[in-house]
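# Topology and contacts: notes
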Amino acid sequence: MKKHLLKLLFLLLANQVIVIGQDVGELKKLKSPKQMLKGKGISIKGSLSGTYNMYHANGLENRQSPYNYMFTGNFMIDIFNKIRMPVSFSYINQQASYVNPLSTSNLMPFGQPFNRISLKPKYKSVQLFLGTVSQTFTPYTLAGHRYQGVGLTFKDKDFPLYGSLMFGTLNQKVNPDTISPNKPSYQRKGMGIQLGYKIKQDFIELSMFSARDSYQPADMILDKYNLTPMSNMVSSIRFAKQLIKKFVWETEMSVSALSSDIRAVKNTNENFFKSFGGLYNTNASTSYFKAIHSSINYKSESYQVGAEYKRIDPKYQTFGSYYFVNDLELFGVKASGQMLDKKISLMGEIAQQHDNLDQTKPQTSNRIVGSLSVVYAPNDKVNLNASYSNFTAYSNFNPSLLYLAKARPLEALDTLNYRQVNQNIQANALWQLPSNNAKIHHQLTSSTVFQLGNDVLGGANNNNQLENINLTYGSTNEILKQSWSAGINYTQVTAPTLSTSLWGPMCSIAKSFLKEKLKLSLSGNYTFSSTLAILSSAQKANMLTTRLSSNYALSPNGILQLNASLLSKQSPSNESYGANFTELSFNIGYRHTFSVVDLKFK
């Protein structure tokens, strides 16, 4: 694999020489070096920020660290408008603890490092990735997984060849800890390569990604955690071809080999193709999975139609992605277009899909899925849109008000945070109200969500219904440098054994002082909640949430920030919702922008 990486690196460098050669040809047309550098130069600019946070709770245990701080920085180095090098870093003093609302343990530390630094220098069509970064080849190979290492991409609009490289650590090793509930893990390193050739809309692209856990004999202790060292290699070919005018066919096919335990007995007679040309060591635990996604589209100036086919084997996965949907076969069509001088936009799709491709499940889910959305904007004052779908939809209204109100969340699980399958209807409206003054604006906004389907939570399918209505009125006065809004929110969820409702007013106000050097904003909402369960009386709770924010410009380059928030919960009954409590958080921060070097040739 390393030999192939070196070959691609040589190819990319060769392409780099070609590009530079083209630039040298342009330089010959210039009369003097002074003319060549005119208007260009060297600059180093960026920003630094630091935040100190304080937290206090009364009536319950602390949900976060009482004190913590964070530093972040961003730099941009620009040399003659040709070489650009962005640099960023972040540092947090605490060991990345967070509150898990579905656990009785208050703090759960992350297994992977939270502090990181990244560099992304760029020269013309070549970009280098250093530090903690991420890249994407295709959805079925490397798809945005963060790694610590080095990467390289080359892509020039005037040159048909392009490619990418990466090598680094995907996961750090986490040793077992009997005190911490955090799950241990092996160190996982990966490497990837991508090569492509493109002319106009036609292209062909080859991608390969490999990852392997580092294993030592001393790591046998991880077996009792049901953890085994694994390895994965994925190869993909992706291409597109313009068949006739305005018709484009695009397809991606990929194969993933996964070894669930690299310690298993090795295969003595490896197949050339199954071992990816000898680049992957297979053994008795190696399994193979396939994925294909193909589409054909017709596009004109006012509308677009297309069809697609997708098939992903059960258990298909790649170590280059955090989450992957598999065990799916789908065939669908889609269309979009505009009408009435682009005042109306329509978009819709319908597909037939099913799972259980290997016939190992006791039941197969086979259904017709689709969506339709309409946007109507007759002028710049009115915007209306509505959508319908029966795809899987996720909803989570006012999540902090739900799990914060329970001392033991597992005793009364929050049904406002669930996955709905089936009917989903949404509608939004924005109306800019008439005003006699061009610097005073008024607007009315509303949103409605209705969901009806099955709650796929805890392995049980239950019919659920969700309704949410929000209405807000807002005003902005550019003369007085102030704005305010007020509204009301209502949410109702009905399940077979539980019914929960939330409603209450909300408001906010913001104003600038001292020639806009000082900006203050205050927001708050008061929520009345009620939960009715079978064979129990209604449990009620009232919650007040307020937040105060302020920004003060100490200098043209420095901003001081002060923020405070309060959460208070009062309940007539403490049996289901837990004891009354109050939480207060406060943070102070400073952000400074700077320009260390800014040289330009005249």
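If you're wondering where the values come from, they're calculated on a predicted model, not measured in any experiment. (Residues numbered from 1 in each chain as written. Predicted model: local features only at pLDDT ≥ 70, side-chain atom pairs only at ≥ 80, totals over all residues. Heavy atoms only, no water.)

## Regarding the pattern of salt bridges
The full count for this structure, using the stated rule, is eleven salt bridges. With its nearest N and O atoms 3.3 Å apart, the salt bridge here joins Glu205 to Arg238. Note that Glu205 is positioned in strand S12 (residues 202–213) and Arg238 in strand S13 (residues 231–242), a separation of 33 residues in sequence. Residue classification places Glu205 among the buried positions, given a relative accessible area of 5%. The shortest N-O distance in the salt bridge between Asp261 and Arg263 comes to 2.9 Å. By relative accessible area, Asp261 is classed as buried at 17%. A relative accessible area of 31% places Arg263 in the partly exposed class. Here the residues in one salt-bridge network are Glu205, Arg238 and Glu250, joined through shared partners. (Salt bridge = Lys/Arg side-chain N within 4 Å of Asp/Glu carboxyl O. Helix = DSSP H or I, 4+ residues; strand = E, 2+ residues; numbered from the N terminus. Buried < 20%, exposed > 50% of the residue type's maximum accessible area, 1.4 Å probe, protein only.)

## Focus: the side chain of Ser236
Within the secondary structure, Ser236 is located in strand S13. The exposure class of Ser236 is buried, given its relative accessible area of 3%. There is a polar contact of 2.9 Å between the side chain of Ser236 and the side chain of Glu252. With residues up to four places along the chain from it excluded, the contact list for Ser236 reads Thr138, Thr141, Glu205, Leu206, Ser207, Glu252, Met253 and Ser254. (Polar contact = N/O pair within 3.5 Å; in protein donor to acceptor, adjacent residues only side chain to side chain. Contact = heavy atoms within 4.5 Å.)

## What about a nonpolar patch on the surface?
Together, Tyr52, Tyr67, Tyr69, Phe71, Tyr91, Leu562, Phe586 and Ile588 line one region of the surface with nonpolar side chains, adding up to about 720 Å² of accessible area. Of all elements in the fold, only strand S2 (67–79) and strand S30 (581–600) reach the threshold of two or more residues within the nonpolar patch. In terms of residue count, S2 provides more of the nonpolar patch than any other element does, three residues in total. Given a relative accessible area of 32%, Phe586 falls into the partly exposed group. (Patch = residues over 30% accessible without salt bridge, like charges linked within 9 Å, V, L, I, M, F, W, Y side chains within 5 Å. Areas by Shrake-Rupley, 256 points an atom, 1.4 Å probe, with all protein chains shown as cover.)

## Some points on the environment of Leu562
Checked against the element boundaries, Leu562 lands in strand S29 (residues 558–570). Spatially, the C-alpha atoms of Leu562 and Asn587 are 6.0 Å apart, while their sequence positions differ by 25 residues. Once residues within four sequence positions are removed from consideration, Leu562 is found in contact with Leu548, Ser549, Ser550, Phe586, Asn587 and Ile588.

## Things to note about empty space enclosed by the protein
Overall, the coordinates contain one cavity of 30 Å³ or more when judged by the stated rule. Here the largest cavity is characterised by a volume of approximately 30 Å³. What lines the largest cavity is simply Arg212, Ser231, Ser259, Ile262, Lys266, Asn281 and Asn283. Tallied by class, residues from the lining of the largest cavity come to one nonpolar, four polar and two charged. (1 Å grid on protein atoms, 1.4 Å probe; cavity = no way out; pocket = protein on both sides within 12 Å on 5 of 7 lines; lining within 4 Å. Points joined across faces, edges and corners; volume = space filled by probe spheres on them. Nonpolar A, V, L, I, M, F, W, Y, C, P; charged D, E, K, R; others polar.)

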